[in-house]
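A structural walkthrough
As a plain string of letters, each chain reads:
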Amino acid sequence: MKLKTLVFALSAAAIISGNAYAQAPIVIKFSHVVANDTPKGKAADRFKELAEKATKGRVKVEVYPNSTLYKDKEELEALQLGAVQMLAPSLAKFGPLGVKEFEVFDIPYIFPSKDVLYRVTEGQIGKDLFKKLEPKGITGLAYWDNGFKIMSANKPLHHPADFKGLKMRIQSSKVLDAQMRALGANPQVMAFSEVYQALQTGVVDGTENPWSNLYTQKMHEVQKHVTVSNHGYLGYAVIVNKKFWDGLPADIRTALEGAMKESTRYANAIAQQENDNAMEAVKKSGKSTIYALTDAEKTEWRNALKPVQKDMEGRIGKDLIQAVNKEAAALGFK
């Protein structure tokens with residue numbers, strides 16, 4: 001009798017233990033380098049909420065903002081190694097990884113409007129770019145918007161000549177390097193988490209960002225002048241470790257894809273509003289003088305930066321650059 005009781009007890013314990021194991025949630029560590037209150041930060045939090053709801057708790061998303069887990073240079077390697085499952089790096093990050101075609105997004109003035117941008121990211125060009133990540137062990141899930149970039153420095157930047165000799169922080173991108181050199185500046189590659197202190201101490205003189213990044217990182221507090229140039233675009237690609245993604249149960253993956261689609265709609269919808277709000281907040285702070293380029297000055301900037309597109313054909317691919325320009329032409333832009 002005692003033996004039967006022991007066997008029953010052990011069997012019951014094994015079943016309970018097995019059920020507990022089976023019900024343990026799949027953990028997705030989602031790391032990014034910006035603040036929670038940016039478009040990307042808010043979209044990441046929205047994805048967490050939607051993913052956990054869609055999978056009925058079978059997936060737990062742990063969001064690590066503000067470089068708390070990995071910095072710019074570390075996060076892609078961590079993803080490839082499986083130390084983190086999901087990232088949303090800026091599109092410029094894929095060039096150093098060996099997928100140079102993504103640097104087409106860095107070309108100054110190649111996207112004359114958001115409509116042209118979405119024709120690229122939501123169309124065949126965007127899909128083909130994601131396919132190029134697969135040999136690197138990465139699956140692309142979505143493109144998240146963050147808007148057009150502005151220039152900041154401790155001196156007015158109205159003309160290309162004003163950049164001469166300035167040390168300007170950039171992401172690690174050959175296109176952005178060429179962009180700053182075309183303006184006469186000295187490009188300085190630096191992790192995003194280090195930029196505020198570098199601006200504060202004078203290690204660099206200025207940088208480029210969408211409004212939301214400038215404001216949430218408090219860069220306007222250490223930059224006297226901001227120029228509304230809208231010269232370049234900054235967006236993100238939400239990516240996952242391919243082995244991890246392919247190994248998920250089909251129903252879980254389907255649920256997560258649905259959550260990603262919904263959070264992408266949310267991310268792209270709030271991006272412009274967040275940047276507009278950040279611009280107003282910078283204005284109200286009174287710490288930076290904001291200058292909008294005149295039409296004549298915009299033409300001057302475009303002419304100065306025009307050679308970058310031609311110079312990058314050998315690196316990015318002439319056909320790809322032409323394909324993006326065709327999308328612009330289809331909407332009436334020359």
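Residues numbered from 1 in each chain as written. Predicted model: local features only at pLDDT ≥ 70, side-chain atom pairs only at ≥ 80, totals over all residues. Heavy atoms only, no water.

1. Describing the sheet that holds strand 1 (residues 26–31)
Threshold: When DSSP finds at least two bridges between two strands, those strands are taken to pair. Counting from the N terminus, the helices are the DSSP runs of H or I reaching at least four residues and the strands are the DSSP runs of E reaching at least two. Residues are treated as being in contact if the distance between any of their heavy atoms lies within 4.5 Å. Axis definition: a line fit to C-alpha positions, over the contact stretch in the case of helices; interaxial angles, taken between N-to-C directions, run 0 to 180 degrees.
Pairing in this open sheet of five strands is mixed, and the strands run 2-1-3-10-4 from one edge to the other. Looking at the sheet topology across the chains shown, the edges are occupied by strand 2 (59–64) and strand 4 (138–148). The strands that helix 2 (residues 39–54) touches are strand 1, strand 2, strand 3 (86–87), strand 4 and strand 10 (233–241); relative to strand 2, the one it contacts most, it runs at about 165°. Running over the sheet, helix 10 (residues 250–285) touches strand 1, strand 2, strand 3, strand 4 and strand 10 and is turned about 15° from strand 4.

2. Describing the sheet that holds strand 5 (residues 150–153)
Pairing in this open sheet of six strands is mixed, and the strands run 7-6-8-5-9-11 from one edge to the other. A single partner strand is all that each edge strand has here, and the edge strands are strand 7 (186–189) and strand 11 (289–292). Strand-to-strand twist in this sheet, taken as the mean axis angle between neighbours without regard to direction, amounts to 25°. Note: strand 6 (residues 167–170) against strand 7, four bridges, orientation parallel. Looking at strand 7, one finds that Ile170 is bridged to Val189.

3. As for the packing of aromatic side chains
To be explicit about the condition: Any two of the Phe, Tyr and Trp rings considered here, Trp counted by its six-membered ring, make a pair once their centres fall within 6.5 Å; the pair's planes then place it as stacked at under 30 degrees, edge-to-face at over 60, or tilted in between. Buried residues are those whose accessible area, probed at 1.4 Å on protein chains only, stays under 20% of the maximum for their type, while exposed residues exceed 50% and partly exposed ones sit between those limits.
Scanning the entire structure with this criterion turns up ten aromatic pairs. With a centroid separation of 6.3 Å and 40° between ring planes, the pair formed by Phe30 and Trp144 is classed as tilted. Linking Phe30 in strand 1 with Trp144 in strand 4, this pair joins segments that are 114 residues apart in sequence. The same class applies to Phe30 as to Trp144, namely buried. Taken together, a centroid distance of 4.3 Å and an interplanar angle of 10° make the contact between Phe130 and Tyr143 stacked.

4. Quick notes on the packing of helix 4 (residues 114–121) against helix 13 (residues 318–330)
As a reminder of what qualifies: Should an angle fall under 35 degrees it is taken as roughly parallel, and over 145 as roughly antiparallel, whereas 65 to 115 is taken as roughly perpendicular and any remaining angle as oblique. Two helices crossing with the near one rotated counterclockwise from the far one by less than a right angle form a left-handed crossing, whereas a clockwise rotation gives a right-handed crossing.
As a packed pair, helix 4 and helix 13 sit with axes 9 Å apart at the nearest point and diverge in direction by 130°. Judged on the interaxial angle alone, helix 13 and helix 4 are oblique. Our pair here, helix 4 against helix 13, has a crossing hand that is right-handed. Here helix 4 contributes Val116, Arg119 and Val120 to the contact with helix 13, which in turn contributes Val324, Glu327, Ala328 and Ala330.

5. Observations concerning the side chain of Ser263
Mapping Ser263 onto the fold places it in helix 10. The residues contacting Ser263, other than those within four sequence positions of it, are Ala43, Arg46, Phe47, Leu50 and Trp144.

6. Thoughts on the environment of Leu234
Locating Leu234 in the fold gives a position in strand 10. What makes Leu234 buried here is its relative accessible area of 8%. For Leu234, the contacting residues outside a window of four places in its chain are Ser90, Asp145, Asn146, Gly147, Lys149, Gln171, Pro210 and Asn213.

7. With respect to the nonpolar core
Formally: Residues belong to a common nonpolar core when they are buried Ala, Val, Leu, Ile, Met, Phe, Trp, Tyr or Cys residues joined through side-chain atoms within 4.5 Å.
Formed by 44 residues in total, the largest nonpolar core has its most connected members in Phe30, Phe47, Trp144, Trp211 and Leu256. A per-element tally of this core places helix 10 first, with eight residues. With residues up to four places along the chain from it excluded, the contact list for Phe30 reads Ala44, Phe47, Val61, Glu62, Val63, Tyr64, Val84, Met86, Leu87, Ala88, Trp144 and Val238. In terms of nonpolar packing, the next biggest core, distinct from the first, is built from 38 residues, Leu87, Leu117, Ile125 and Val308 among them.

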